[in-house]
Amino acid sequence: MVVSFGAAGPRPPHDWTVHEPRPVFTQEPPVILRAMTLEDADIIAGWAADEGFCRAAEWTLGLSREEHQQFQVRLICSPPSDLVRLGAVHDGHLVGYVVLQGDEPRRRELGFLIGPRTVWARGLGRAAARAGLRHGFEEMHLDEIWAEALDANRASIRVLQRLGLRETGPGEAGNYLDQPTHYRQFVITAEA
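Since the model is a prediction, treat every value here as computed from it, not as a measurement.

Caption draft 1: Focus on the environment of valine 84. For valine 84, the location among the structural elements is in strand 2 (residues 83–90). Residue class for valine 84 comes out partly exposed when judged on its relative accessible area of 26%. For the pair valine 84 and glycine 136, spaced 52 residues apart in sequence, the C-alpha to C-alpha distance is 9.7 Å.

Here it is in structure tokens:
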């Protein structure tokens, strides 16, 4: 899932209410964002044992749990300078992460991943992405956040649409679960 970073003065609070016709969930599950910890590396590496999860998340197949864990430790201890990555926690458990990535001071790319696959389809992706938008606009004082998702990844497309991101056009070609597809790009501004 592909489902990103600024200095400015305080902004007025933003109303993050999303008005949807007949929502699937009567209440979105609460998700909080926090700094990633070394313990998270082992949890995330555990998700890689599920090949279906890896394929959907576009992770490299065939790596050992130790290789996945080492990669996660590197990202946690020495993240790239253009990456803000926060753990998404629900009911005290890590259920994914959100990234805000890019080097433009007032504009970043949003990404989110929920795992393991057993917690999918519970509204956690939308809750995590909403928390990522809130963090980007309220904590990082961004003006604009963009995102892209593969057209064949209907769940991620729905999350972006339901959060009010406006589609800006097609992106590059890609593959999702061995299906040729293309990226769709979206954007939302602080004033939206």
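Structure's up, so let's keep going.
Caption draft 2: View of the packing of aromatic side chains. Taken as a whole and assessed by the stated rule, the structure comprises 3 aromatic pairs. Seen in terms of ring centroids, tryptophan 47 and phenylalanine 53 are 5.8 Å apart; in terms of plane orientation they differ by 65°. Their pairing is edge-to-face. For the residue pair tryptophan 47 and phenylalanine 53, the accessibility class agrees, reading buried in each case. Measuring from ring centre to ring centre gives 5.8 Å for phenylalanine 53 and tryptophan 120, while their planes differ by 40°; the resulting arrangement is tilted.

Caption draft 3: Representation of the side chain of histidine 68 within the structure. By the element assignment, histidine 68 lies in helix 3 (residues 65–77). Residue classification places histidine 68 among the buried residues on the basis of a relative accessible area of 6%. When residues no more than four places from it in sequence are discounted, the contact partners of histidine 68 are Ala45, Ala48, Trp59, Thr60 and Leu63.

Cut-offs applied
Residues numbered from 1 in each chain as written. Predicted model: local features only at pLDDT ≥ 70, side-chain atom pairs only at ≥ 80, totals over all residues. Heavy atoms only, no water. Helix = DSSP H or I, 4+ residues; strand = E, 2+ residues; numbered from the N terminus. Buried < 20%, exposed > 50% of the residue type's maximum accessible area, 1.4 Å probe, protein only. Phe/Tyr/Trp six-rings, centres within 6.5 Å; stacked < 30°, edge-to-face > 60°. Contact = heavy atoms within 4.5 Å.

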